[in-house]
Amino acid sequence: MTAAAPIYGRVALIGLGLIASSMAHAMRAGGLAGHIAGHARTAETRAVALDIGICDSVHDTAAEAVAGADLVVLAVPVGAMGAVAAEIAPHLAPGATVTDVGSVKQAVIEAVGPHIPEGVHFVPGHPIAGTEHSGPRSGFATLFRNRWWLLTPLPGGDGDAVARLRRLVEAFGANVDEMDAPHHDLVLAVTSHTPHLIAYTMVGVADDLRRVTDSEVIKYSAAGFRDFTRIAASDPVMWRDVFLTNREATLDILGRFTEELFALQRAIRLGDGPHLHAYFTRTRAIRRGIIEAGQDTAAPDFGRVGAAKGQGD
Ligand SMILES: NC(=O)c1ccc[n+]([C@@H]2O[C@H](COP(=O)([O-])OP(=O)(O)OC[C@H]3O[C@@H](n4cnc5c(N)ncnc54)[C@H](O)[C@@H]3O)[C@@H](O)[C@H]2O)c1
Ligand SMILES: O=C(O)C(=O)C[C@]1(C(=O)O)C=C[C@@H](O)C=C1
């Protein structure tokens, strides 16, 4: 990442977890912000943020952090976005941009939008990049490189504010796309939310079995299951909020998933090899299509993320 002129003079990060700290590292690496102000709920997290140098100043309240900021980033769990927006609203500078990084967009727009004052630009967003780690120590500058960052601008919103935010996240190395919020939520229900639910379920099933087989499930777990356990280690508050707020889309995809699962279950019970073979041939072709289209972007280097779980407060 090469040094560039700051895109924003003062950025306020509300919530100092994985995503906010990764943004801070990326802004530092690229010289993209003149001053990074931060707010987290606990004194411990605020002290860590200063200690590891991701913020130039930390503030006891979100209201203090946003004063004079030309970009405010809401990086808290989706269910907390509305309360944070209500708290900061009277303190936002005229002309400022407010964005968020929530995994669900429609519910965030409904919760945050009504609080945004006239003359402040709200540009909802979502980086499609993450790890199973949480808290200020878990972030790293390259998290967003070659990843998508979806923006769901509001109809009639300010084009210049969108373009400026776009420049910032492109400077992180992200690819930007714009879409409307309901479409975003449906796409993410397929590509992220339902897969997480399946991983949570499978790891739960294995944990039940473990009691029977005395740890063999974990001992002999193959690569696929290990990936499930990584995903299932993700922050429980974040994922609780995702499912509570993207309810309709997730239930729709889950319904389709269960139908397919029952069809496969039936094929196994009936010994219907052609059905199973045809199904797996179709899914293999999808994976090969993704590779051929060059859309299998490299995974971030999880190995260098040393933070423990549960440091999000
Ligand atoms: N982790 C991922 O893979 C990922 C990826 C993309 C987007 N997101 C989204 O980014 C947002 C932040 O996720 P993260 O992974 O950085 O989480 P995190 O747990 O690492 O950090 C969350 C931060 O929010 C604060 N917080 C929690 N509840 C709060 C509340 N009620 N009021 C005020 N602050 C509160 C925590 O103290 C912490 O500082 C979430 O909305 C999530 O959906 C996460
Ligand atoms: O790799 C992971 O840990 C993730 O699950 C990241 C992931 C995803 O599903 O891809 C999870 C939730 C986000 O909103 C965006 C990204």
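Named according to an unreviewed UniProt entry, the protein is Prephenate/arogenate dehydrogenase family protein originating from Ruixingdingia sedimenti.

K.L.:
How should I be thinking about the domain arrangement of the protein in this particular structure?
P.N.:
A common way to report how large an interface is uses the accessible area buried once the components associate. In terms of domain boundaries, the protein breaks down into domain 1 (8-179) and domain 2 (183-292). Computed over C-alpha atoms only, the centres of domain 1 and domain 2 are separated by 31 Å. With 17 residues of domain 1 at the contact, the number on the domain 2 side is 15 residues. Here domain 1 and domain 2 share an interface that buries about 1200 Å² over both sides, 66% of which is from carbon and sulfur atoms. At the boundary of domain 1 and domain 2, one finds one salt bridge. Linking arginine 230 and glutamate 132 is a salt bridge whose minimum nitrogen-to-oxygen distance equals 2.7 Å. On inspection of domain 1 and its partner domain 2, the count reaches six residue pairs in polar contact (both at pLDDT 80 or more). Grouping the constituent residues of the side of domain 1 that touches domain 2 by class yields eight nonpolar, seven polar and two charged.

K.L.:
Explanation requested: the sheet that holds strand 3 (residues 57-59) in the structure shown.
P.N.:
Strand pairs in the sheet, formed through backbone hydrogen bonds, run parallel or antiparallel to each other. Overall, mixed pairing links the eight strands, which are arranged 3-2-1-4-5-6-7-8 in an open sheet. Looking at the sheet topology across the chains shown, the edges are occupied by strand 3 and strand 8 (175-178). Taken pair by pair, the neighbouring strands of this sheet meet at an average axis angle of 25°, ignoring direction. Pairing of strand 2 (residues 33-39) with strand 3 involves three bridges; the strand directions are parallel. Paired with histidine 39 across the strands is histidine 59, a residue of strand 3. Each of strand 1 (8-14), strand 4 (71-74) and strand 5 (97-100) is contacted by helix 4 (residues 81-88), which is oriented at about 150° to strand 4, the strand it contacts most.

Cut-offs applied
Residues numbered from 1 in each chain as written. Chains lettered and ligands numbered in written order. Predicted model: local features only at pLDDT ≥ 70, side-chain atom pairs only at ≥ 80, totals over all residues. Heavy atoms only, no water. Domains from an automatic or database assignment. Contact = heavy atoms within 4.5 Å. Buried area = accessible area lost by both parts, 1.4 Å probe. Salt bridge = Lys/Arg side-chain N within 4 Å of Asp/Glu carboxyl O. Polar contact = N/O pair within 3.5 Å; in protein donor to acceptor, adjacent residues only side chain to side chain. Nonpolar A, V, L, I, M, F, W, Y, C, P; charged D, E, K, R; others polar. Pairing = 2+ DSSP bridges. Helix = DSSP H or I, 4+ residues; strand = E, 2+ residues; numbered from the N terminus. Axes fitted to C-alpha atoms, helices over the stretch in contact; angles between N-to-C directions.

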